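# A structural walkthrough
Listed below, chain by chain, are the residues.
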Amino acid sequence: MLNFSLTSEQLDLQQKAREFALKEILPVAWYYDEKDETPVPVLNKAYKAGLMNGTIPKKYGGNGHTLLDGVIITEEMAAACAGLCTSIFDNSLGLEPVILSENEPLKKKYYEKVLNDFKLICFATSEPTMGSDVAGIRCLAKEDGDSYILNGTKYWITNGGIADYMSIFATVDPESRHKGICGFVVEKNWEGVSVSPKIPKLGQRCSNTVGIKLDNVRVPKENMLAPPGEGFDLAMKTFARTRPAIGAFAVGVARSAMEFAIDYSKKRQAFGVNIGNFQAIQHKIADMYQKVETSRLLVWKAAWEADNGFDPTISASIAKLYSTDEALGVVNEALQIFGGYGYTKMFPIEKLMRDMRLFKIYEGTSEIQRTIISAHAMNVYKPVMPQLEDLPLHREKDPMDFEFQADKGTISWRCRICGHIHYGEEPPEECPYCFFPKPAFKKVPPNVGVQKN
Ligand SMILES: Cc1cc2nc3c(=O)[nH]c(=O)nc-3n(C[C@H](O)[C@H](O)[C@H](O)COP(=O)(O)OP(=O)(O)OC[C@H]3O[C@@H](n4cnc5c(N)ncnc54)[C@H](O)[C@@H]3O)c2cc1C
């Protein structure tokens, strides 16, 4: 049964996140964007308001938010400032490998830390020389008694400069690729951890992004998220559960761009009328509205799948790919509706455009989402239609005709090269269309090819 209505708890959460976004995020967004700084006190307020760490299960004292709850909150916050929302959401990303880990004592230890105090945890797979190719991690983890010693550099780490803890992925052997990847929770104040200056960025400047150097960092084995060989899978499962939220970011930003554009189109005059009177503008708004709605549906579906025990990997990739592509188009058209003002810093669209651009890059680029989706479509997805060479594509004879029944001995042959159907006991010596010889023909009775799922 399909049901798109939100529960009263979800509506309350949406309202709470919306109020927080309008009261605490929106007023400071442009100031901190200009300063290229993360307002940590706002993150603290989000923590106190119960809008961070929501996915920690109830049995450990958390809110036990579903992924659907999470994407509803994320859309609201991202609508006010994607950068700040990235920093707020980053605790969910950093915590997800902990949630998925089988290390019970580790879960308890770090859940307690982030639930009882305002603590930030970031996530690190990427390095200066690799991002998409997670199996290509070079950061080395060397076993040493009851510890591992980490050496390497993590790069692009959101909240890395302000976080207390880090979910870090490393490898025991770079040559063995997937098989060597492992994961650890590392504390930032441990000896050997150092942080780079902020990486200067185009957008999402309210989120902190840095490099992290690990120089002989001793990590006790009890802090292991995943042993060697299981880290890659853990990272992929993490992304499958966090990518819907990136789609929700895109929906939030696109929704704001659309709302600002509608407002502007009702007030800006050209040729003696509001520009919203022009059909060209109305059609842009229709397209924006349609893209926001369709993107949200895909995001909700992916979150729903994760919440209901399905593997959300493909839906998560589709949601991220589609909504980030379409949302960029929405912001672009909003900028067009604002004309010259859209291109200035005096109006909100240029920031939305800069912030939005990142969604097609982090947590797996659009190209990587397409790789995941095409691998599924071409290798895993079960087609309903018969294979082309079995297709009963009868144009010359009616398959309903009594004379033409497979069990009455009428035989049809399909040329596998050009598709020509020949009727008779035997295939022709040569196809009359493509001139391929007899072996090119395959028998196709009228009802062949019904697939079982
Ligand atoms: C602001 C910001 C915040 C980030 N936060 C974090 C974080 O908190 N934690 C973290 O671990 N990482 C983080 N990242 C890193 C981010 O996930 C990577 O930048 C991203 O995965 C792409 O990796 P890359 O930059 O190394 O590009 P590359 O992997 O070098 O890719 C370069 C280009 O080649 C394309 N490409 C690569 N491989 C293929 C392929 N097989 N087929 C087709 N095209 C391909 C890519 O799509 C891209 O267009 C962040 C990045 C940014 C910019």
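Our subject in this report is the structure included herewith.

Parameters at a glance
- Residues numbered from 1 in each chain as written.
- Predicted model: local features only at pLDDT ≥ 70, side-chain atom pairs only at ≥ 80, totals over all residues.
- Heavy atoms only, no water.
- Patch = residues over 30% accessible without salt bridge, like charges linked within 9 Å, V, L, I, M, F, W, Y side chains within 5 Å.
- Areas by Shrake-Rupley, 256 points an atom, 1.4 Å probe, with all protein chains shown as cover.
- Salt bridge = Lys/Arg side-chain N within 4 Å of Asp/Glu carboxyl O.
- Helix = DSSP H or I, 4+ residues; strand = E, 2+ residues; numbered from the N terminus.
- Buried < 20%, exposed > 50% of the residue type's maximum accessible area, 1.4 Å probe, protein only.
- Pairing = 2+ DSSP bridges.
- Axes fitted to C-alpha atoms, helices over the stretch in contact; angles between N-to-C directions.
- Parallel < 35°, antiparallel > 145°, perpendicular 65-115°, else oblique.
- Left-handed = near helix turned anticlockwise from the far one by under 90°.
- Contact = heavy atoms within 4.5 Å.
- Nonpolar A, V, L, I, M, F, W, Y, C, P; charged D, E, K, R; others polar.
- Near = heavy atom within 4 Å.
- Polar contact = N/O pair within 3.5 Å; in protein donor to acceptor, adjacent residues only side chain to side chain.

## Some words on a nonpolar patch on the surface
A surface patch of nonpolar side chains, amounting to about 360 Å² of accessible area, comprises L2, F4 and L297. Secondary-structure assignment places F4 in the segment before helix 1 (8–35). F4 gets classed as exposed once you look at its relative accessible area, which sits at 53%.

## With respect to the environment of D117
Within the secondary structure layout, D117 lies in the loop between helix 5 (104–116) and strand 1 (121–124). Sequence separation between D117 and E429 is 312 residues; the distance between their C-alpha atoms is 82 Å.

## Side note on the pairing of strand 1
Side-chain alternation along strand 1 places I121 and F123 on one buried face and C122 and A124 on a second face that is also buried. Where strand 1 meets strand 4 (residues 165–171), four bridges bridge the pair, whose relative direction is parallel. Directly across from A124, in strand 4, lies its bridge partner I168.

## So, the packing of helix 8 (residues 313–337) against helix 9 (residues 349–357)
Two quantities define a packed helix pair, namely the angle between the helix axes and the distance between the axes. It is the contact of helix 8 with helix 9, at a shortest axis distance of 9 Å, that shows an interaxial angle of 160 degrees. With respect to helix 9, the axis of helix 8 lies roughly antiparallel. Where helix 8 crosses over helix 9, the handedness of that crossing is left-handed. Where helix 8 abuts helix 9, its residues A327, L328, V331, N332, A334 and L335 lie against I349, L352, M353, M356 and R357. A class-by-class count of the residues in the contact of helix 8 with helix 9 yields nine nonpolar, one polar and one charged.

## Focus: the site of the ligand
Close to the ligand lie 19 residues, the nearest being F123, S126, S132, W156 and T365. At 2.8 Å, a backbone N or O of F123 approaches a nitrogen atom of the ligand. Within the complex, 66% of the 970 Å² of free accessible area of the ligand lies under protein. At the level of secondary structure, the elements contributing two or more residues to the shell around the ligand comprise strand 1, strand 3 (147–158) and helix 10 (366–379). Here the shell around the ligand gets three residues from one element, more than from any other, and that element is strand 3.

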